[in-house]
Each structure stands twice: as structure tokens, then as C-alpha cells.
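An overview of the molecular structure
Read off the chains here:
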Amino acid sequence: MRDARKISVASFASLAESLCDICHLFGERQWCLATSGNFSARLDSDHFMITQSGKDKSKLTPEDLMICNMQGRPEDRGLIPSAETALHLCLYHHDPDIGAVFHTHSATATALSRHADSAVAITGYEMQKAFAGIRSHETGLSVPVFDNTQDMAALAKNLEDCLGNSPSPAPGFLIRGHGLYAWGKDVTEAQRHLEAMEFLLSCVWHDRSATRQ
Ligand SMILES: [Zn+2]
């Protein structure tokens, strides 16, 4: 049962509608096939909404979203949040200005992650200016790559350590053979960052293919 004392119905409905629209768009682009991917948005200092486990993002409805508190516990009794909720939580705890976190499983970013070391370097692309605070294509970006594991606590620890070591990292990271995370101050910025990241990683992949020919 949703606790109406803490979350206003209006704020939930408006954010849920935005998340559903973004999920449908990303679903059309085949970035979250087979119920993969997960999407969340901060509701207030103590709560965020997140996609339930196993929902088809291309057909997501507000009923497929649920509320968790900042300890990761569901406020909606009986509902199961995404298996990767710990990674969303890690980001929300790391930076109170992060308002939304999106995760996709595009074929190109996933394939690229299997041919990268600990990071993918991105430089020289105009699209880099889509990231908050970047004003030139010459500003180098480094997208961290973490090895995949089913141990979400271990993965969250790796992410936390990486964020602590990099004062101004790119607003995203890859999990090897798995997919991409990106975030922003709100759903609009998170969408822009994720789209830019998917585009740039795709460019790196095509650049490497061209170089090999
Ligand atoms: Zn995933």
C-alpha cells in the first residue's frame, strides 16, 4: 500500500507518466528487449520510484512502477523492485542532485563493453556537449566498465569506489556484457545523457570496426 502521507498522488502520477513515455521510446529503439533494463526517479529525499522486476518496458504502465525508500525497501507491499535496485540506490546516495537513473541493454553498447578494458575513452565528438558541464568536443570523457556479476552488493561497492575516486566522471558506466547506466538531475537530463551515451558508444564501436578494415 502506497503511503500517501509521504508521497503526493500528483507527484507520483506526473513522474510515472514521464518514465513510461521514456520507456516506450527506448523500447522502440530496442534498448531494453525481453523485459531488460530498469528506470528510476527520485520522488523526495527519502523515496524513489523504480520499475518492478520483469516488466516489458515497451508497454510499461504506471502500475508497473513502485516506490522504495532510500534503504531500498519497497513501500508497496508484495511488489518486487528491479534486481539492480542497489545500483540506483548507490547513485542516489552518492549525489543528492541525481534525480533519475536509467539502464539499457542495447546490442552495440553491450558488445563494445566486451572489447574494453576498465574504461571506454570518448573524445572528439560534438555529441559530448550533450553532457551537463561539457562545452567542447575536445573535453575527454572516460566511461568506466565494471565486470558483470550477479552479486549486486559487490557491483554497487565497485561503483561506489569508482565514484569516490573520480571527482567529475561521465554521467554513466558500462557493465561488461550487460549494458549501460546513465543518470541526470531529472528525467529530462537523464534521458539526454543516456541517449548521448548510447550514440557515442555506438560511434566508438563503428570507429573501431572501420579501423580494423
Ligand atoms: Zn541490467
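For the structure itself, consult the block above.
Attention in this report is confined to the structure presented alongside it. These figures come from a predicted structure and were not determined experimentally.

**Some points on the packing of aromatic side chains**
Under the defined criterion, the tally for this structure stands at eight aromatic pairs. Pairing Phe 26 with Phe 39 gives two aromatic rings, centres 6.0 Å apart and planes at 50 degrees, and the pair type is tilted. A residue pair is termed long-range when its members are at least 10 positions apart, and Phe 26 in helix α1 (residues 9-28) and Phe 39 in strand β1 (residues 38-44) qualify at 13 residues. We classify Phe 26 as buried; its relative accessible area is 0%. For the pair Phe 146 and Phe 173, a centre-to-centre distance of 5.4 Å together with 70 degrees between the ring planes defines the contact as edge-to-face. Here the residue Phe 146 occupies a position in strand β6 (residues 141-146), and Phe 173 occupies one in strand β7 (residues 172-175), the gap between them amounting to 27 residues. Note on accessibility: Phe 146 and Phe 173 belong to one class, buried.

**Considerations on helix α4 (residues 152-165)**
Between the first and last C-alpha of α4 there are 20 Å, a value that for 14 residues agrees with the 20 Å anticipated at 1.5 Å per step. Residues Met 152, Leu 155, Ala 156, Leu 159, Cys 162 and Leu 163 constitute the buried set of α4. Angular distribution of buried residues about the axis of α4 spans 125 degrees; they occupy a single face of the element. Pointing more than 90 degrees away from the buried face of α4 are the exposed residues Ala 153, Gly 164 and Asn 165. Against α2 (85-94), β6, β7 and β8 (179-184) lie the buried residues of α4.

**Thoughts on the coordination of the zinc ion**
Protein coordination at the zinc ion: the donors are Glu 84 (OE), His 103 (NE2), His 105 (NE2) and His 178 (NE2), at 2.1 to 2.4 Å from the metal. Coordination at the zinc ion comes from four donor atoms whose angles at the metal span 86 to 158 degrees, giving a geometry best classed as irregular. All donor residues of the zinc ion come from one chain, and their arrangement in sequence is E-x18-H-x1-H-x72-H. One end of the pair, His 105, is in the loop between β4 (100-104) and α3 (107-113); the other, His 178, is in the loop between β7 and β8, with 73 residues separating them in the sequence. Note on His 105: relative accessible area 26%, which makes it partly exposed.

**A few points about the environment of His 103**
Inspection of the secondary structure assignment puts His 103 in strand β4. Residue His 103 is classed as buried on the basis of its relative accessible area of 0%. Sequence separation of His 103 and Leu 87 is 16 residues, and the distance between their C-alpha atoms is 10.0 Å. Other than its neighbours up to four places away in sequence, His 103 contacts Gly 37, Asn 38, Phe 39, Glu 84, His 178, Gly 179, Leu 180, Tyr 181 and Leu 194. Side chain to side chain, His 103 and His 105 meet in a polar contact 3.0 Å long. A polar contact of 3.1 Å, which involves the side chain of His 103, links it to the side chain of His 178.

**A closer look at the nonpolar core**
For soluble globular proteins, the rule of thumb is that nonpolar side chains tend to be buried together. Formed by 44 residues in total, the largest nonpolar core has its most connected members in Met 49, Phe 102, Val 120, Ile 122 and Leu 201. Broken down by element, the residue count for this core peaks at nine residues, all from helix α5 (residues 187-212). Among all residues touching Leu 201, those that are not within four sequence positions of it are Thr 108, Ala 109, Leu 112, Val 120, Ile 122, Leu 174 and Leu 180. Ranked by size, the runner-up nonpolar core spans 23 residues in total, among them Tyr 92, Ala 156, Cys 162 and Ile 175.

**Here's the deal with the pairing of β6**
Among the six residues of β6, five are classified as buried, and the element is accordingly described as predominantly covered. Looking at chain direction, strand β5 (residues 119-122) and β6 are connected through four bridges and run antiparallel. What sits directly across from Ala 121, in β6, is Ser 142. Direction of pairing for β6 relative to β7: parallel, over a ladder of two bridges. The residue bridging Val 145 from the neighbouring strand is Leu 174, located in β7.

Rules used throughout
What you see as residue numbers is a count from 1 along each chain, following the sequence as written. In view of the model being predicted, local features appear only for residues whose pLDDT reaches at least 70, and side-chain atom pairs are presented and counted only at 80 or more, with totals across whole chains, interfaces and linings using the full set of residues. In computing side-chain properties, one takes all heavy atoms of the structure into account and sets aside hydrogens as well as water. Aromatic contacts are taken between Phe, Tyr and Trp rings whose centres are within 6.5 Å, Trp giving its six-membered ring; a plane angle under 30 degrees counts as stacked, one over 60 as edge-to-face, and the others as tilted. Numbering of helices and strands runs from the N terminus; a helix is a DSSP stretch of H or I covering at least four residues, while a strand is a stretch of E covering at least two. Exposed residues in this analysis have more than 50% of their type's maximum accessible area, buried residues have under 20%, and partly exposed residues fall in between, with area computed by a 1.4 Å probe over protein chains only. For a helix, the expected span equals 1.5 Å multiplied by the number of residues minus one. For this quantity, the arc is that covered by the directions from the helix axis to the C-beta atoms. Residues count as neighbours in contact if any of their non-hydrogen atoms are within 4.5 Å of one another. Nitrogen, oxygen and sulfur within 2.8 Å of a metal are treated as its donors, or within 3.2 Å for sodium, potassium and calcium (Na, K, Ca); water is not counted, so a site can appear incomplete. Geometry is assigned from the angles between donors: four donors with all angles from 85 to 135 degrees make a tetrahedral site, four or six donors whose opposite pairs exceed 155 degrees while the rest stay between 65 and 115 make square planar or octahedral sites respectively, and everything else is labelled irregular. Pairs of N or O atoms within 3.5 Å make up the polar contacts considered here, provided that, within protein, one atom can donate a hydrogen while the other can accept it, and that residues adjacent in sequence are counted only when both atoms are side-chain atoms. Grouping buried Ala, Val, Leu, Ile, Met, Phe, Trp, Tyr and Cys residues that are joined through side-chain atoms within 4.5 Å yields what is termed a nonpolar core. For two strands to pair, DSSP has to find at least two bridges joining them.

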